[in-house]
Amino acid sequence: KAGVTQTPRYLIKTRGQQVTLSCSPISGHRSVSWYQQTPGQGLQFLFEYFSETQRNKGNFPGRFSGRQFSNSRSEMNVSTLELGDSALYLCASSLAKGGHPSTDTQYFGPGTRLTVL
Amino acid sequence: KNQVEQSPQSLIILEGKNCTLQCNYTVSPFSNLRWYKQDTGRGPVSLTIMTFSENTKSNGRYTATLDADTKQSSLHITASQLSDSASYICVAFYGNNRLAFGKGNQVVVIP
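Caption draft 1: View of the interface of chain A and chain B. Every contact between the two is made by 23 residues of chain A and, on the other side, 21 residues of chain B. Across the chain A to chain B interface the summed buried area is about 1700 Å²; carbon plus sulfur atoms make up 50%. The largest share of the area that chain A buries against chain B comes from L43(A), N56(A) and F108(A), three residues that together contribute 26% of it. Summed over the shared surface of chain A and chain B, the result is zero salt bridges. Counting the contacts that link chain A with chain B gives six residue pairs in polar contact (both at pLDDT 80 or more).

Here it is as structure tokens:
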């Protein structure tokens, strides 16, 4: 079974531009989460989508948005890029069998390395 | 404040030796605690997931412990190998699927 894939793997943008990152989850997985990872802050949670609905959201400004499609693929968008947005953006998928609390194993993709100049 | 603290920040160990990584969390209400391994340039890989009622869980040479009373977890690596060189990240889930991340333990295994 193919793992989580993210495209593109590397991206260079300039301040003020916008960017869209894509994530294809493992087949059958319905939950997709996005994370930002930087050397200073470590991993930070952006948002989670389940069945095309944002189910959970971290503390990021509105410039960060996402969506999920009916096939569970997800995209995240960052508008008006700032230098501080340079980071590794990770996507993770899980089965989301249901129930609370969730103890589903998350499977991470390799990430998209975004550099803002 | 809901947060996770990991120690030591980094350590160097000789191949074949054991080591223990620490994770202290202050989240409420606690749901579960996870350890991930992240190799350089790769996404994290799940090692263990422990809920309130579990105090030990193993995954090969990795053994995680959880003390819900003291809000501490540890990850023990037995007979370290060069491939264990990585960052180990502790994540506490709490509330309605909220997350608190540690900054990671950077482990370097030398021959």
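Caption draft 2: Here's a closer look at the nonpolar core. In terms of nonpolar packing, the biggest core is built from 27 residues, with L21(B), Y25(B), L33(B), W35(B), L75(B) and Y88(B) touching the most fellow members. Mapped by element, the contributors of at least two residues to this core are strand 2 (10-14), strand 3 (19-26), strand 4 (30-38), strand 5 (45-51), strand 7 (62-67), strand 8 (72-77), strand 9 (86-94) and strand 11 (105-110) of chain B. Looking at which element gives the most residues to this core, the answer is strand 9 of chain B, with five residues. Non-local contacts of L33(B), meaning those with residues more than four positions away in its chain, are made with C23(B), Y25(B), T48(B), I49(B), M50(B), L66(B), S73(B), C90(B), V91(B) and A92(B). Formed by 21 residues, the second largest nonpolar core is a distinct cluster that contains L46(A), L81(A), Y89(A) and V116(A).

What counts, and where the lines are drawn
Residues numbered from 1 in each chain as written. Chains lettered and ligands numbered in written order. Predicted model: local features only at pLDDT ≥ 70, side-chain atom pairs only at ≥ 80, totals over all residues. Heavy atoms only, no water. Contact = heavy atoms within 4.5 Å. Buried area = accessible area lost by both parts, 1.4 Å probe. Salt bridge = Lys/Arg side-chain N within 4 Å of Asp/Glu carboxyl O. Polar contact = N/O pair within 3.5 Å; in protein donor to acceptor, adjacent residues only side chain to side chain. Core = buried A, V, L, I, M, F, W, Y, C linked by side-chain atoms within 4.5 Å. Buried < 20%, exposed > 50% of the residue type's maximum accessible area, 1.4 Å probe, protein only. Helix = DSSP H or I, 4+ residues; strand = E, 2+ residues; numbered from the N terminus.

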